[in-house]
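Okay, here's what each chain looks like letter by letter:
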Amino acid sequence: MTRRFAALLSGLLLAAAVPPASAADCNADAAKLRRAEGELPKLEVAPPNDRQIVCITLETNVLFARRLAAHVQQCPRSPFAKSADTWAKTGSNYAAQFSSKGCEAAIKPYRG
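Residues numbered from 1 in each chain as written. Predicted model: local features only at pLDDT ≥ 70, side-chain atom pairs only at ≥ 80, totals over all residues. Heavy atoms only, no water.

So what about the environment of K82? Which residues, and what values?
Among the structural elements, K82 can be located in the loop between α3 (51–74) and α4 (84–100). Taking the C-alpha atoms as reference points, K82 and V72, ten residues apart in sequence, are found 9.4 Å from one another. (Helix = DSSP H or I, 4+ residues; strand = E, 2+ residues; numbered from the N terminus.)

Lay out the pattern of salt bridges with the relevant residues and their values.
According to the stated counting rule, one finds one salt bridge in the structure shown. For D29, the salt bridge identified is with R67, shortest N-O distance 4.0 Å. Taken together, the residues D29 in helix α2 (residues 23–38) and R67 in helix α3 connect sequence positions 38 residues apart. On the accessibility criterion, D29 (24% relative accessible area) is partly exposed. Judged by relative accessible area, R67 falls into the partly exposed class, the value being 37%. (Salt bridge = Lys/Arg side-chain N within 4 Å of Asp/Glu carboxyl O. Buried < 20%, exposed > 50% of the residue type's maximum accessible area, 1.4 Å probe, protein only.)

Explain the confidence of the model for the chain residue by residue, including any values.
In the predicted model, the chain carries a mean pLDDT of 82, and the fraction of residues at 70 or more is 77%. The element-level mean pLDDT for the chain is lowest in helix α1 (residues 3–17), coming to 42, with α4 highest at 95. (pLDDT = per-residue confidence, 0-100.)

Residues and numbers for a nonpolar patch on the surface, please.
On the surface, I56, L63 and I107 cluster together to form a nonpolar patch covering roughly 210 Å² of accessible area. Assignment of secondary structure puts L63 in helix α3. (Patch = residues over 30% accessible without salt bridge, like charges linked within 9 Å, V, L, I, M, F, W, Y side chains within 5 Å. Areas by Shrake-Rupley, 256 points an atom, 1.4 Å probe, with all protein chains shown as cover.)

In structure tokens form, the structure reads like this:
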């Protein structure tokens, strides 16, 4: 089995296993994402010599991109669906920078 086929198959199985969210849930989650997106730290303004700030900025944006992708998978009609591809590319780019700079995860997952 090729990697591409395996990835496609696992994606389809995951999509089938997760029921779609209700419209109310999608709207509430989209509102939270909109607020979070407005508060994201910008890599362009992070001091390049401050590795800790650069790493946290990268990590924050990577986690947002993952959260947005999960949201769009659950809510395909979300207003964020249009920007999902751009955020996926940004997330991949920032994840690569995170690794290349030797950053370590500092943000712990929420366990609410």
